[in-house]
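In case you want the letters, here they are:
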Amino acid sequence: MTRSAAWLCAGVVAIAAAAATAQDSPDVASQVSAARTQAGPEWAKAADFFCATEEQVAAMKILPSATEADVEGQRAEPMQVFDNLYFIGQKAVTTWALTTSQGIVLIDAGYAARFDDTLIAGLVKVGLDPRRIRAAVIAHEHADHYGGARLLQQRFGTQIYMSRAAWDALDVLDPGGGGPGAPPGRANVITDGQPVIFGDTLVVPVAIPGHTPGSMGFMFRVKDAGRTHMAALFGGSILNPQRRLPASVYEEYLASIQHFANATRRQRVDVELLNHPIMDGLFDRLERLKVRKEGEPHPLVVGEDAYQRFLGLMADCIRVQLARRSASV
Ligand SMILES: [Zn+2]
């Protein structure tokens, strides 16, 4: 980069930082900066999203609801990330494929409309046979996560897992069932703290209501060059701090983050995953993974302390959103 380009970039960053706090009271602005400092440099990008105002999030045009039709712009290269975990999806919302001794276990199923060109094509591209899909564990009852599940049932007889609250919500949404993009037929229920066993692999669900009543996070082991790590995926993150949502939603969400922090601390989680990868800086880490040399640390293994700081940032940014509300009434 030339000297003038570097100066230009610095200017743009300064302007962006100013804009981020322009409408905040001094108290809220200092809360935002404390959240960033506490989170540390690994989570600077995550702070940009989680602590952003509703207007800033809308302007970023990164929410799944804003990008659903943007197939080309949302295309993301599928890739193997750990010995037993593959990234298969889009920029704003993704599926993770976990390989087990009983076949492929998908975490989420993506949009129904992206089933063939993204999910199935992605699996084939990384060398996985879709006929080996054994199960799909769905994080919550929104169509960007369960959308492809019905097609999985129909084409591969895939076992679908969701929380009881998520199944109940889908029953209300689609009581007759069966139309295009319809939810899957009611199947397996997952419960907080009760591991689901797929041969040599356990997936531990953790209830995290807030974003939806049926939201679940998951913990499972990933392997990298003979070493095992514990990964956690917080499967129901609030990405858009909408003022129309009652404060009680955020209070429940805060309690869920605390519950998830306790569970992941006990399991010594050191790998952070989301099903909305554009929100946690995943693509920067994937770029580093592509050029990683033998013996270098894995860019997604952030460590136990950094993982807990990530959850702390999510909680701190929700407190920021609540403080913004009370400042505006
Ligand atoms: Zn959702």
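Residues numbered from 1 in each chain as written. Predicted model: local features only at pLDDT ≥ 70, side-chain atom pairs only at ≥ 80, totals over all residues.

1. Focus: the overall build of the protein
Secondary structure assignment for the protein yields twelve helices and twelve strands. For 329 residues, the compact-globule formula gives about 20 Å, and the C-alpha radius of gyration of the protein, at 20 Å, lands near that figure. Of the contacts formed within the protein by residues at least 6 apart in sequence, a portion of 70% connects residues at least 24 apart. (Helix = DSSP H or I, 4+ residues; strand = E, 2+ residues; numbered from the N terminus. Rg over C-alpha atoms; globule rule 2.2 N^0.38 Å. Contact = placed C-beta atoms within 7 Å.)

2. A few points about the nonpolar core
Among the nonpolar cores identified, the biggest contains 91 residues, and Val137, Ile138 and Leu313 are the most heavily contacted of them. For Ile138, the residues in contact, after removing those within four places along its chain, are Asp108, Ala109, His145, Tyr146, Ala149, Ile160, Tyr161, Met162 and Ala166. (Core = buried A, V, L, I, M, F, W, Y, C linked by C-beta atoms within 7 Å. Buried ≥ 20, exposed ≤ 12 C-beta atoms within 10 Å, placed from the backbone.)

3. Some remarks on helix H10 (residues 247-266)
Taking 1.5 Å per residue, 20 residues should reach 28 Å; H10 reaches 29 Å between its end C-alpha atoms and fits that length. Every buried residue belonging to H10 is among Tyr253, Ser256, Ile257, Phe260, Ala261, Ala263 and Thr264, and all of these are buried. Viewed along the axis of H10, the buried residues span an arc of 170 degrees, placing them on a single side of the element. Of the residues in H10, the exposed ones pointing more than 90 degrees away from the buried face are Ala247, Ser248, Asn262 and Arg266. Where H10 terminates, the next one or two residues include Arg268, which has phi positive at roughly 55 degrees. (Expected span 1.5 Å × (residues − 1). Arc of directions from axis to C-beta.)

4. Quick word on the confidence of the model for the protein
With 91% of its residues at a pLDDT of 70 or more, the protein shows a mean pLDDT of 90. Note on residues 1-20: pLDDT under 50 across the span, and two contacts to partners over four residues away in sequence or across chains. (pLDDT = per-residue confidence, 0-100.)

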